[in-house]
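Chain residues, written in single-letter form:
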Amino acid sequence: MKARMPNTAVVGVQWGDEGKGKIVDMLAARAGIVVRFQGGNNAGHTLVVAGEKVVLHLVPSGILHPSARCVLGNGVVMDPEVLVAELDALEASGRKVDAARLGLSRDLHVIMPYHRSLDAHREEARGGGSIGTTRKGIGPTYEDKVARRGIRLADFIDLQVLASRIQQELPLKNRQIVEWYEGEAHTAEDVLAWAAPLAERLAPHVCDVAGELHAALDVGTPMLFEGAQGTFLDIDHGSYPFVTSSNTVAGAACAGSGVGPGDLQEVVGIAKAYATRVGAGPFPTELDDDLGAHLRRVGREFGSTTGRPRRCGWFDAELVRRAARLNGLTCLVLTKLDVLSGLEVLRIGRGSDADGEAIYEDHPGWTEDLTACRSWDSLPASCQAYIRRVEALVGVPVALASVGPDRVEIVPVDPARSAWMLSDAAQTEAN
Ligand code: GDP
Ligand code: IMO
Ligand code: MG
């Protein structure tokens, strides 16, 4: 019999879009519950199964496995219109997501139309100094949460309570939108008319996520915590102010869902074999040239939420080493190695000099296509050496290497570290 999967957090260790969705989808085959614990629909997680592509913004990436229950924890901010559209899209593709499959914490905060407006107006007002947010209302919703004036899901689905909360909130929000930003006021009638059908639709999903997780801990149900964004977009540890509005590090899995630090056994860091960033902010190893454009083209580096081209550059070992400590990583998964095929020289960032210029070490590249590789031995020697060097510089073992977008395009690097991650089929193939 297979050992139970340890309770595991999966987090991005760069600036997001590392391939978290693909790895969560893969691990979810063995999880009983998959939990989103922070962020909102600023996230875009892409899963590819047998050639079919599914992009998820709010629904956890375990949803394609019928045996996994998916939940949004209290730390998430949820746009009900986006969630309902996502559920409709899943249903249209033959995957009905009922209340048994998806639970929503009654304590999570709801993104309202005025939050989206404020996000967009603020970005416009910042002009050249903008953060490059996704304009989904994430920041303004977390602001209201911390200011203790947010609307939690339990209040959103009670239309009487909601009406009074909207009456309370709108004067201040409209004042900002109309007087500061010369935008259009929201009327209470419009906001309520928008909310009512969404509240009715989502009400059956509302639950006590923390209580559910405690019950799951009692019976040993394996849990998977799905991070959004990446370590250097963390509100505290990222490149402030060019960050998102939540803690993205693994510690947030506890606060954002209601389990304790001791309930997590594994923390898997997802790193791209190079680096990307979408939006503004420092990026020491950025390639602002043909090579950067090459990575963008071959890696299809365009945002899954906003469609914006992602800035591309070399792997920054110094940064990922820091991320290893910030998250308490137990292992790394290195993704998109296939994108590096054909480059003569691969550079790895080793920090910056006094002028802030990146310092590099160079490695020989490889020409082989990696997408058919399924075992360590089938990887070219220089690719093996690149992985080993990343491991040594970051100080954390690489458990898996990803060589393509599909669920099955994966190479076990360290059998001791990766056995629990692989499905029976993948283990057989790797042996
Ligand atoms: P996430 O936000 O961390 O879940 O990542 P995204 O889904 O936004 O971006 C990662 C993109 O790379 C998606 O389009 C994935 O399908 C794709 N992807 C994931 N792993 C690999 C890989 O190993 N190779 C290639 N070529 N694409 C990958
Ligand atoms: P996933 O989960 C990449 C970036 C935005 C912007 C900054 C703040 O797919 O990895 P926000 O809308 O959160 O206030 O924007 O954070 N950002 C992401 N970049 N991947 C993401 O999510 C992101 N979510 C937010 O581009 O720079
Ligand atoms: Mg993404």
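Here the structure is a predicted model, which means the values were calculated and not measured. (Residues numbered from 1 in each chain as written. Chains lettered and ligands numbered in written order. Predicted model: local features only at pLDDT ≥ 70, side-chain atom pairs only at ≥ 80, totals over all residues. Heavy atoms only, no water.)

Turning next to the nonpolar core. Grouped together as the largest cluster of nonpolar side chains are 64 residues, with contacts concentrated most on Phe225, Phe315, Leu332, Leu337, Leu340, Tyr386 and Ile387. By residue number, the principal contributor to this core is helix α12 (residues 381-394), which donates six residues. Ignoring any residue separated from it by four or fewer positions in sequence, one finds leucine 332 in contact with Val13, Gly269, Ala271, Val320, Val390, Val394, Val396, Pro397, Val398, Ala399 and Leu400. Of all hydrophobic cores here, the second largest spans 58 residues; its members include Met26, Trp194, Ala195 and Leu198. (Core = buried A, V, L, I, M, F, W, Y, C linked by side-chain atoms within 4.5 Å. Buried < 20%, exposed > 50% of the residue type's maximum accessible area, 1.4 Å probe, protein only. Helix = DSSP H or I, 4+ residues; strand = E, 2+ residues; numbered from the N terminus. Contact = heavy atoms within 4.5 Å.)

Our next topic: the site of ligand 1. Neighbouring ligand 1 are 18 residues; Lys20, Gly21, Gly44, Asp338 and Ser402 lie closest to it. With respect to ligand 1, the backbone of glycine 44 contributes an N or O atom lying 2.8 Å from an oxygen atom. Aspartate 338 places a side-chain nitrogen or oxygen 2.7 Å from a nitrogen atom of ligand 1. In isolation ligand 1 has 590 Å² of accessible area, and contact with the protein removes 92% of it. Judged by the fraction of its atoms near the pocket grid, ligand 1 is located in the second largest pocket. Listing elements by their share of the shell around ligand 1, those giving two or more residues are α1 (20-27) and β3 (45-49). Of the residues forming the shell around ligand 1, the biggest block, three residues, is contributed by α1. (Near = heavy atom within 4 Å. Polar contact = N/O pair within 3.5 Å; in protein donor to acceptor, adjacent residues only side chain to side chain. Areas by Shrake-Rupley, 256 points an atom, 1.4 Å probe, with all protein chains shown as cover. 1 Å grid on protein atoms, 1.4 Å probe; cavity = no way out; pocket = protein on both sides within 12 Å on 5 of 7 lines; lining within 4 Å. Sits in = over half its atoms within 2 Å of the grid points.)

Another point: the coordination of the magnesium ion (ligand 3). Binding of the magnesium ion (ligand 3) to the protein goes through Asp17 (OD) and Gly44 (O), at separations of 2.0 to 2.2 Å. Here aspartate 17 is found in the loop between β1 (8-12) and α1, whereas its partner glycine 44 is found in the loop between β2 (33-36) and β3, with 27 residues between them in sequence. (Donors = N, O, S within 2.8 Å, 3.2 Å for Na, K, Ca; no water.)

This next bit is on unusual backbone geometry. With an omega of 5°, the peptide bond between tyrosine 240 and proline 241 qualifies as cis. Within the element layout of this structure, proline 241 appears in the loop between β10 (223-226) and α9 (252-255). A positive phi angle, close to 60°, is found at aspartate 17, a residue other than glycine. Its relative accessible area of 21% is what places aspartate 17 among the partly exposed residues. Positive phi values are uncommon outside glycine, yet alanine 50 reaches one of about 50°. One can find alanine 50 in the loop between β3 and β4 (52-56). Alanine 50 gets classed as exposed once you look at its relative accessible area, which sits at 76%.

On to the packing of helix α6 (residues 159-180) against helix α7 (residues 188-202). The interhelical angle for the contact between α6 and α7, taken along N-to-C directions, is 145°, at an axis separation of 10 Å. Crossing handedness for the pair α6 and α7: right-handed. Across the interface between the two elements, Leu159, Leu162, Ala163, Ile166, Gln167 and Leu170 from α6 touch Ala188, Val191, Leu192, Ala195, Ala196 and Ala199 from α7. Taken together, the residues that form the contact of α6 with α7 break down as eleven nonpolar, one polar and no charged. (Axes fitted to C-alpha atoms, helices over the stretch in contact; angles between N-to-C directions. Left-handed = near helix turned anticlockwise from the far one by under 90°. Nonpolar A, V, L, I, M, F, W, Y, C, P; charged D, E, K, R; others polar.)

Here we come to the domain arrangement of the protein chain. On domain assignment, one finds that the protein chain holds domain 1 (8-99 + 207-430) and domain 2 (109-205). Just the C-alpha atoms count here: the centres of domain 1 and domain 2 sit 30 Å apart. Tallying the contact residues gives 33 residues for domain 1 and 23 residues for domain 2. Taken together, both faces of the contact between domain 1 and domain 2 bury some 2,200 Å²; the carbon and sulfur share is 59%. Considering only the surface of domain 1 that becomes buried against domain 2, Val77, Met78 and Pro80 emerge as the three largest contributors, covering 24% of it. Across the domain 1-domain 2 interface, the total number found is three salt bridges. In this structure, arginine 116 engages glutamate 81 in a salt bridge whose closest nitrogen and oxygen atoms are separated by 2.7 Å. (Domains from an automatic or database assignment. Buried area = accessible area lost by both parts, 1.4 Å probe. Salt bridge = Lys/Arg side-chain N within 4 Å of Asp/Glu carboxyl O.)

This next bit is on the site of ligand 2. Around ligand 2 sit 20 residues, and of these Asp17, Lys20, His45, Thr134 and Thr244 come closest. Contact distances for ligand 2 include 3.0 Å between an oxygen atom and a backbone N or O atom of valine 278. About the coverage of ligand 2: the protein hides 98% of its 550 Å² of free accessible area. With respect to the pocket detection grid, ligand 2 is positioned in the largest pocket.

Here the largest pocket defines a volume of roughly 940 Å³. Along the walls of the largest pocket sit 50 residues, with Asn42, Ile138, Val243, Thr244 and Ser245 positioned nearest its centre. At the level of secondary structure, the elements contributing two or more residues to the lining of the largest pocket comprise α3 (113-126), α4 (138-146) and α9. With seven residues, the top contributor of residues to the lining of the largest pocket is α4. Here the lining of the largest pocket spans two domains, and each of domain 1 (8-99 + 207-430) and domain 2 (109-205) adds at least three residues to it. Considered as a void within the structure, the second largest pocket measures approximately 730 Å³ in volume. (Points joined across faces, edges and corners; volume = space filled by probe spheres on them.)

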